[in-house]
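# Architecture and fold: a report
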Amino acid sequence: MSIFLGVNIDHIATLRQARGTPYPSLVEAARICENSGADSITLHLREDRRHIQDQDVEELKHCLETKMNLEMAATDEMLKIATHISPEDCCLVPEKRQELTTEGGLDVASQINRIKEVCTELSTNNIKTSLFIDADKYQIDAAVECGAPIIEIHTGHYANASTAAELNIELEKISDACEYAHNLGLQVNAGHGLTLENTRAIAEISSIVELNIGHSIIARSLFVGLASATSEMKQLLKEARGL
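Before going further, it helps to examine the overall build of the protein. On a plain count of helices and strands, the protein comes out with 11 helices and 8 strands. On C-alpha atoms alone, the protein measures out to a radius of gyration of 17 Å, which is about the 18 Å that the 2.2 N^0.38 rule sets for 243 residues. For the protein, the C-alpha atoms occupy an extent of roughly 45 × 40 × 35 Å along the three principal directions. Expressed as a percentage of contacts within the protein between residues at least 6 apart in sequence, the contacts between residues at least 24 apart total 68%. Computed over 21 positive and 37 negative side-chain charges, the separation of the two mean positions in the protein equals 3 Å.

The next thing to look at is the packing of helix 3 (residues 54–63) against helix 4 (residues 76–85). For any two helices packed against each other, the geometry is given by the interaxial angle and the distance between the axes. Two numbers describe how helix 3 lies on helix 4: the axes approach to 11 Å, and their chain directions differ by 25 degrees. With respect to helix 4, the axis of helix 3 lies roughly parallel. Crossing handedness for the pair helix 3 and helix 4: right-handed. Contacts between helix 3 and helix 4 involve Asp54, Val57, Glu58 and Lys61 on the former and, on the latter, Ile81, His84 and Ile85.

Before going further, it helps to spend a moment on the nonpolar core. The biggest cluster of nonpolar side chains holds 72 residues, and the ones touching the most others in it are Leu60, Leu131 and Leu211. Those residues in contact with Leu211 that sit more than four places away from it in its chain are Ile3, Phe4, Leu5, Gly6, Ala190, Leu194, Thr199, Ile202, Ala203 and Leu237.

Looking now at the pattern of salt bridges. Applying the stated criterion to the full structure yields 13 salt bridges. Asp89 is the partner of Lys67 in a salt bridge, and the nearest nitrogen-oxygen pair spans 2.8 Å. Taken as a pair, Lys67 in the loop between helix 3 and strand 3 (68–72) and Asp89 in strand 4 (residues 89–92) lie far apart in primary sequence, 22 residues in all. The exposure class assigned to Asp89 is buried, which follows from its relative accessible area of 6%. Glu210 is the salt-bridge partner of Lys67, the closest N and O atoms lying 3.9 Å from each other. With Lys67 in the loop between helix 3 and strand 3 and Glu210 in strand 8 (residues 208–213), this pair connects stretches of sequence that are 143 residues apart. Judged by its relative accessible area of 23%, Lys67 is partly exposed. Taken together, the shared-partner salt bridges connect Arg49, Asp54 and Glu77 into one network.

Let us look at helix 2 (residues 26–35). Taken together, the buried positions of helix 2 are Leu26, Val27, Ala29, Ala30, Cys33 and Glu34. Looking down the long axis of helix 2, one finds its buried residues gathered within 160 degrees of arc, a one-sided arrangement. Packed against the buried residues of helix 2 are strand 1 (4–8), helix 1 (10–19), strand 2 (40–44), helix 3 and helix 11 (226–240). For helix 2, the N-terminal capping position is held by Ser25, with its side-chain oxygen 3.3 Å away from the main-chain nitrogen of Val27. Residue Gly37 follows helix 2 closely and has a positive phi angle near 120 degrees.

Moving on: the sheet that holds strand 3. Reading around the barrel, the 8 strands line up as 1-2-3-4-5-6-7-8 and close back on themselves, with parallel pairing between neighbours. Within this sheet the neighbouring strands show an average axis-to-axis angle of 25 degrees, counted without direction. Direction of pairing for strand 1 relative to strand 8: parallel, over a ladder of 4 bridges. Looking at strand 8, one finds that Phe4 is bridged to Glu210. The sheet strands contacting helix 3 are strand 2 and strand 3, and the helix crosses strand 3 at an angle near 160 degrees. Docked against the sheet, helix 5 (residues 112–124) engages strand 3, strand 4 and strand 5 (128–133), running at close to 150 degrees with respect to strand 5.

Let us now look at helix 5. The end-to-end C-alpha distance of helix 5, which contains 13 residues, comes to 18 Å, matching closely the 18 Å that a straight helix rising 1.5 Å per residue would cover. At its buried positions, helix 5 is contacted by strand 3, helix 4, strand 4, strand 5 and helix 6 (137–146). Among the residues trailing helix 5, Asn126 stands out with phi positive, at a value near 60 degrees.

Before going further, it helps to examine a negative patch on the surface. Taken together, the side chains of Asp107, Asp136, Asp141 and Glu145 define an acidic patch exposed on the protein surface. Take Asp107: it is sitting in the loop between strand 4 and helix 5. Here Asp107 falls in the partly exposed class, since its relative accessible area comes to 36%.

Cut-offs and rules
Residues numbered from 1 in each chain as written. Predicted model: local features only at pLDDT ≥ 70, side-chain atom pairs only at ≥ 80, totals over all residues. Heavy atoms only, no water. Helix = DSSP H or I, 4+ residues; strand = E, 2+ residues; numbered from the N terminus. Rg over C-alpha atoms; globule rule 2.2 N^0.38 Å. Contact = heavy atoms within 4.5 Å. Lys, Arg positive; Asp, Glu negative; His and termini not counted. Charge placed at Lys NZ, Arg CZ, Asp CG, Glu CD. Axes fitted to C-alpha atoms, helices over the stretch in contact; angles between N-to-C directions. Parallel < 35°, antiparallel > 145°, perpendicular 65-115°, else oblique. Left-handed = near helix turned anticlockwise from the far one by under 90°. Core = buried A, V, L, I, M, F, W, Y, C linked by side-chain atoms within 4.5 Å. Buried < 20%, exposed > 50% of the residue type's maximum accessible area, 1.4 Å probe, protein only. Salt bridge = Lys/Arg side-chain N within 4 Å of Asp/Glu carboxyl O. Arc of directions from axis to C-beta. Polar contact = N/O pair within 3.5 Å; in protein donor to acceptor, adjacent residues only side chain to side chain. Pairing = 2+ DSSP bridges. Expected span 1.5 Å × (residues − 1). Patch = residues over 30% accessible without salt bridge, like charges linked within 9 Å, V, L, I, M, F, W, Y side chains within 5 Å. Areas by Shrake-Rupley, 256 points an atom, 1.4 Å probe, with all protein chains shown as cover.

These results come straight from atomic positions and should not be treated as a statement about function.
Rendered as structure tokens:
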């Protein structure tokens, strides 16, 4: 069974914003990723606009040859932007201004009415909604109740495991959650903190349809180039599936 690779280009924008220059170009980066095996391009438009800017979302929507996965908080502002841009996918994520990166999954169960409203509005505009959640059956059940067709399992706890025992515990949690969600009819994606060293075991979970990976690919590209960093990750995913 195939597995798809979404490449998150947020941190190319981070480099650009550090100096306020017009380079590096996100459009050029996206094209390189697509030509090197990426099946989608992910970008997170944060409330504080720390990396991706509104204009980036507009420009990328018009030039992507694959599809856009727009990560966003479930706010009225972001919902308005999403329905205007009309990306193929929107992934709802938790967001805190003080965090360096997304620290955990969205607590869907505590805000079912709001998440259901957002999912409905996006669906009405022909946008598929994904919910970024922890490997927790309670949250998976909540995602089903909200009508989301896709979930993305947060793999950060697995990626941050400090011992082999802890790693195996987190991997089993993810595997069980993926199987549970798949049996409920959800499309299962996963991502966060994945690298060349730890991705294979996640990619071997047959119910996972897509992995979204960004920071490690962009960091790797400093040494081998963006095309090579993307293609070697895509090759790893294919090998994990015996393709």
